[in-house]
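Summary of the model geometry
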Amino acid sequence: TRMQALLAFVFLFLMSHILSITMKVHIMERRVLMTQQEAAEYLGTTVGTLNTWRHHGKNPIPFVRWGNRIKYIKEDLENWIKENKQPASQNI
């Protein structure tokens, strides 16, 4: 019937919008730019330590310079953690 066709159209329209919004949120979550403070908190360190690492090239973490601001991409921080992971048996 006409009412069923209309309901089917509305359902498909809403589902396509929900999918579109879900995909946009997923993309934003993956590529979010974090402030230095957010990145430091995420890594369990301080902004000063991040600045030292960046200036001296120690433990280099990719960053984005946006004008006079420094930003970090969450995915880069996650990759840095994985790359610097030490086995439990290794002495420090």
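Cut-offs applied
Residues numbered from 1 in each chain as written. Predicted model: local features only at pLDDT ≥ 70, side-chain atom pairs only at ≥ 80, totals over all residues. Heavy atoms only, no water. Helix = DSSP H or I, 4+ residues; strand = E, 2+ residues; numbered from the N terminus. Buried < 20%, exposed > 50% of the residue type's maximum accessible area, 1.4 Å probe, protein only. Contact = heavy atoms within 4.5 Å. Areas by Shrake-Rupley, 256 points an atom, 1.4 Å probe, with all protein chains shown as cover. Pairing = 2+ DSSP bridges. Axes fitted to C-alpha atoms, helices over the stretch in contact; angles between N-to-C directions.

**Here's the deal with the overall build of the protein**
The number of helices and strands found in the protein is 4 helices and 3 strands. Split into buried and exposed, the 92 residues of the protein put 15% on the buried side. For the protein, restricting intrachain contacts to residue pairs at least 6 apart in sequence, the fraction spanning at least 24 positions comes to 51%. Here the protein displays about 7,700 Å² of accessible surface, and carbon together with sulfur accounts for 61% of that area.

**A few points about the environment of Gly48**
The topology assignment puts Gly48 in helix 3 (residues 47-56). By relative accessible area, which is 38% here, Gly48 ends up partly exposed. When the C-alpha atoms of Gly48 and Gln37 are compared, they prove to be 9.6 Å apart, with 11 residues separating the residues in sequence.

**So, the sheet that holds strand 1 (residues 33-34)**
With antiparallel pairing, the 3 strands of this open sheet are ordered in space as 1-3-2. Unpaired on one side and paired on the other, strand 1 and strand 2 (64-66) mark the two borders of the sheet. As paired strands, strand 1 and strand 3 (residues 69-73) are joined by 2 bridges and run antiparallel to one another. Bridging across to strand 3, Met34 finds its partner in Tyr72. Each of strand 1 and strand 3 touches helix 4 (residues 74-83); the most contacted strand, strand 3, lies at about 65° to it.

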